[in-house]
Amino acid sequence: MVEILHCERIVIMLLVTCIFISLITVPAAAIERHYVLEVTYQYKSLDCYKKLAIAINGSTPGPTISAAQGDTIVVDVINNLLMENVAIHWHGIRQRGTPWSDGTDGPFNYDLDQGIILSDWYHRTAYEQSTGLSSKPFEWIDEPQSPLINGRGNYSCSGLAPSVCNSTNPQCSPSTLTVISGKTYRLRLPRLTSLSALSFQIEDHEMTAIEADGQYVEPFVTKNLFINSGETYSVLVTANQDPSRNYWTSISVVSREPKTPNGLAIFNYYPNHFHKLPPTNPPPGPLWNDTKLQINQSLTIKAHQGFIVTPPKKPDRVIVLLNTQNKINGYVRWSLNNVSHSLPNTPYLIALKENMTDVFDPTPPPEDYDCKF
């Protein structure tokens, strides 16, 4: 998937448009695969509420890129955003030496590989939010209006005109994952929310987590997978329940008292119709403030035997980072080691790629903090 960075004197990271790269590991003759990605503004109703969004090839999330191991992928990006630059980088693909464009394959057996994008959706634009965050008085962006599963959510349209919010719009019908009874699926779960931590679950199905952030882990079984901003997991799920019905897939906000409804999708057993709603109520998920479950998951994650990179006995450098919220010239700013970041006109990744060292301050940031702050 990709994140889009675009700038108009400031750079705003948008997590609304994503692309999956599916790596097919079946041996085959390597070929060159060519893709064209056209970035445009489009009106979308991802959670039934109509608003302007950024789309790739007309869709949000964007298209899937499929490739076999050894293939060369050539991607042409056409930027049709009128006032903004676009830079694309790839999550989950290790590109050492080309970090401006930034995976895993391995020792587990499964029948099919699927991606499920977990994201959130604000009705206010990024410009409105950044204006509030940089204003006096400070205006917090608050919770998102909807969590999305594969770009679909369901905002309550009560009291709103159908031209603004329409719950019958097919764009906001629940996304579906179709499975065949008895098959095992690897689900790749990137979490692209900007604020909310989530719990992910599939009704009546256990998940076996096998990978976290591109590294294989010792498998562990769970019914709820906690996943924080920017994290990625892979889980194995076997379609081993009653195949005569469909089941709910749900995400719920944790760690912050939620003001948004749960995100819902359909775990569809073929040959049931993929839009047939399950006969049960969606699972509510864990309590938002049940930290014990989250701590237990963190303690459970261990590197997979045979895939362990042994850390050095002594570090070459020790970097200590203290994250604070400061008042600077009357404005609320976040800081690391008492230094607040200001975005340059040229995005850093583009500047580094083009060796444009004169467009930003190259002074190294502090590697420790003053305990007086």
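Because the structure is predicted, anything quoted here is derived from the model rather than measured. (Residues numbered from 1 in each chain as written. Predicted model: local features only at pLDDT ≥ 70, side-chain atom pairs only at ≥ 80, totals over all residues. Heavy atoms only, no water.)

A.B. asks: What should I look at first to understand the environment of Asn246 in this one?
C.D. replies: With respect to the helices, strands and loops of the structure, Asn246 is situated in the loop between β18 (232–238) and β19 (247–254). Among all residues touching Asn246, those that are not within four sequence positions of it are Ile266, Phe267, Asn268, Tyr269, Asn272, His273, Lys276, Pro278 and Pro279. A polar contact of 3.0 Å, which involves the side chain of Asn246, links it to the backbone nitrogen of Tyr269. At a separation of 2.9 Å, a polar atom in the side chain of Asn246 contacts the main-chain carbonyl oxygen of Lys276. (Helix = DSSP H or I, 4+ residues; strand = E, 2+ residues; numbered from the N terminus. Contact = heavy atoms within 4.5 Å. Polar contact = N/O pair within 3.5 Å; in protein donor to acceptor, adjacent residues only side chain to side chain.)

A.B. asks: Just to check I follow, could you spell out unusual backbone geometry for this structure?
C.D. replies: Of all residues except glycine, most have a negative phi; of all peptide bonds, most are trans. Each neighbour pair has its own omega, and for Thr60 with Pro61 the value is -5 degrees, a cis peptide bond. Mapping Pro61 onto the fold places it in the loop between β5 (51–56) and β6 (65–68). Cis peptide bonds are those with omega within 30 degrees of zero, and the linkage from Lys136 to Pro137 qualifies with 0 degrees. Structurally, Pro137 can be placed in the loop between α1 (126–133) and β11 (146–149). The phi dihedral of Cys48 is positive, around 85 degrees, even though this residue is not glycine. Counting through the fold element by element, Cys48 comes out in the loop between β4 (32–44) and β5. Its relative accessible area of 2% is what places Cys48 among the buried residues. Of note in this structure, Asn57 is not a glycine but carries a positive phi near 55 degrees. Locating Asn57 in the fold gives a position in the loop between β5 and β6. The exposure class of Asn57 is partly exposed, given its relative accessible area of 40%. (Buried < 20%, exposed > 50% of the residue type's maximum accessible area, 1.4 Å probe, protein only.)

A.B. asks: How do you make sense of the pattern of salt bridges when you look at a structure like this?
C.D. replies: Scanning all chains against the criterion turns up nine salt bridges. Note that Asp142 is salt-bridged to Lys259, the shortest N-O span being 3.3 Å. Of this pair, Asp142 sits in the loop between α1 and β11 while Lys259 sits in the loop between β19 and β20 (263–269); the two residues are 117 residues apart in sequence, bridging distant segments of the chain. (Salt bridge = Lys/Arg side-chain N within 4 Å of Asp/Glu carboxyl O.)

A.B. asks: What is the right way to read a nonpolar patch on the surface from this model?
C.D. replies: Among the surface-exposed residues, Tyr41, Tyr43, Leu52 and Tyr127 lie close enough to one another that they form a single nonpolar patch of about 400 Å² accessible area. When you line up the elements, Tyr43 lands in strand β4. When its relative accessible area of 56% is taken as the criterion, Tyr43 is described as exposed. (Patch = residues over 30% accessible without salt bridge, like charges linked within 9 Å, V, L, I, M, F, W, Y side chains within 5 Å. Areas by Shrake-Rupley, 256 points an atom, 1.4 Å probe, with all protein chains shown as cover.)

A.B. asks: In this structure, what is going on with the sheet that holds strand β16 (residues 215–222)? I would like to understand it.
C.D. replies: Strand pairing in a sheet is mediated by backbone hydrogen bonds. Such pairs are either parallel or antiparallel. One open sheet accounts for five strands, arranged β9-β13-β18-β15-β16; its pairing is mixed. If you trace the sheet from one side to the other, it starts and ends with β9 (112–115) and β16, each paired once. Shown here is a sheet whose adjacent strand axes are inclined to one another by a mean of 25 degrees, direction ignored. Here β9 runs beside strand β13 (residues 184–190); their pairing, made up of four bridges, is parallel. Looking across to β13, one finds that Gly115 is bridged to Arg188. (Pairing = 2+ DSSP bridges. Axes fitted to C-alpha atoms, helices over the stretch in contact; angles between N-to-C directions.)

Nothing here speaks to function; it is all geometry.
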